[in-house]
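Below, each chain spelled out in residue letters.
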Amino acid sequence: MTGRSGKPKYVEVPPGTVVYDATSGAMLGDLTTADQQLIVARGGRGGRGNAAFASPTNQAPRIAENGAPGESRALRLELKLIADIGIVGLPNAGKSTLLAALTRARPKIANYPFTTLRPNLGVAYVGDDRTVVIADIPGLIEGAHLGSGLGIEFLRHIERTEIIAHVIDCATLEPGRDPMSDYQALEHELAEYADKLELPLGAIPIPERPRIIILN
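Model, not experiment: these values are computed from the prediction.

Rules used in this analysis
- Residues numbered from 1 in each chain as written.
- Predicted model: local features only at pLDDT ≥ 70, side-chain atom pairs only at ≥ 80, totals over all residues.
- Heavy atoms only, no water.
- Buried < 20%, exposed > 50% of the residue type's maximum accessible area, 1.4 Å probe, protein only.
- Helix = DSSP H or I, 4+ residues; strand = E, 2+ residues; numbered from the N terminus.
- Pairing = 2+ DSSP bridges.
- Core = buried A, V, L, I, M, F, W, Y, C linked by side-chain atoms within 4.5 Å.
- 1 Å grid on protein atoms, 1.4 Å probe; cavity = no way out; pocket = protein on both sides within 12 Å on 5 of 7 lines; lining within 4 Å.
- Points joined across faces, edges and corners; volume = space filled by probe spheres on them.
- Nonpolar A, V, L, I, M, F, W, Y, C, P; charged D, E, K, R; others polar.
- Axes fitted to C-alpha atoms, helices over the stretch in contact; angles between N-to-C directions.
- Contact = heavy atoms within 4.5 Å.

**Points about the pairing of strand β4 (residues 85-88)**
Logical step 1: With burial as the criterion, each face of β4 is covered, one bearing Ile 85 and Ile 87 and the other bearing Gly 86 and Val 88.
Logical step 2: With three bridges joining them, β4 and strand β6 (residues 130-136) adopt parallel strand pairing. Within the sheet, the bridge partner assigned to Ile 85 lies in β6 and is Ile 134.
Logical step 3: By the bridge criterion, four bridges tie β4 to strand β7 (residues 163-168) in an arrangement that is parallel. Of the residues in β7, the one forming a bridge with Ile 87 is Ala 165.

This is how it looks when you write it as structure tokens:
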């Protein structure tokens, strides 16, 4: 009786959300733009009421047809930030301080590693009516591409950035570390992670994207 009046159920997600089937792991869609929609499950087909079975000889049949059940699916949602520039570096290298200086973002800043536990976004104004979106990626450590220090959780936000900015700490290095070795360690993690990615057709591979080196 009410199948025709059933309304779709919408779940709003931020741009950059990738939708997976939680059971099979298959990617169902990649929502990268505002107002983009994805159908993940369809409602059941409505049944026919008794009026559909009326005939000249039986104008009030006492039979009806049940509707079919709707689809049911468990989903996994993964957010990959969309930014022009992604700031990467070892923990406590000064990434959040740089973001706060360039934009109006106010990330947590403190003098200890892993102050930033989730990416922060900021918008920098670089000219007349021109803006650049900058993402501060939490600190990467050796083995990040294998998941160390929540590395995969952080590295996935690099996938959509057009430019990668390295922040290299030149002031508080421990014995045996130097700016070049820190840079090489970061590039190694990015390269190892990039080897696992299946980028969309036409996307620039991570190793080939422009780099900015910032010495702190």
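Back to the text.
**Structural notes on the nonpolar core**
What tends to happen in soluble globular proteins is that the nonpolar side chains get buried as a cluster.
Logical step 1: Core analysis: the biggest nonpolar cluster contains 12 residues, these being Leu 81, Ala 83, Val 88, Ala 135, Ile 137, Leu 155, Ile 158, Ile 164, Leu 190, Tyr 193, Ala 194 and Ile 206.
Logical step 2: Considering each element in turn, this core owes the most residues, three residues, to helix α3 (residues 179-194).
Logical step 3: Grouped together as the second largest cluster of nonpolar side chains are 11 residues, Ile 85, Ile 87, Leu 98 and Ala 124 included.

**Considering unusual backbone geometry**
Logical step 1: Located in the positive-phi region is Asp 35, a residue other than glycine, with phi close to 70°.
Logical step 2: Counting through the fold element by element, Asp 35 comes out in the loop between β2 (27-31) and β3 (75-79).
Logical step 3: Overall, the relative accessible area of 77% leaves Asp 35 in the exposed class.

**Re empty space enclosed by the protein**
Logical step 1: Applying the stated criterion across every chain, the model contains one cavity of 30 Å³ or more.
Logical step 2: Taken as a whole, the largest cavity spans an internal volume of roughly 30 Å³.
Logical step 3: Where the lining of the largest cavity is concerned, the elements lending two or more residues are β7 and α3.
Logical step 4: Residue classes in the lining of the largest cavity are distributed as five nonpolar, no polar and three charged.

**Points about the sheet that holds strand β1 (residues 17-21)**
Logical step 1: The strand order across the open sheet built from three strands is β2-β1-β3, with neighbouring strands paired in antiparallel fashion. Looking at which strands have only one partner, the edges of the open sheet turn out to be β2 and β3. Averaged over all adjacent pairs, the angle separating strand axes in this sheet is 15°, with direction ignored.
Logical step 2: Pairing of β1 with β2 involves four bridges; the strand directions are antiparallel. Across the sheet, residue Thr 17 finds its bridge partner in β2, namely Leu 31.

**Focus: the environment of Pro 210**
Logical step 1: Its place among the elements puts Pro 210 in the loop between α3 and β8 (211-215).
Logical step 2: Along the backbone, Pro 210 and Ile 163 are 47 residues apart, and their C-alpha atoms lie at a distance of 5.1 Å.
Logical step 3: What Pro 210 contacts, discounting residues up to four positions off in sequence, is Glu 162, Ile 163 and Ile 164.

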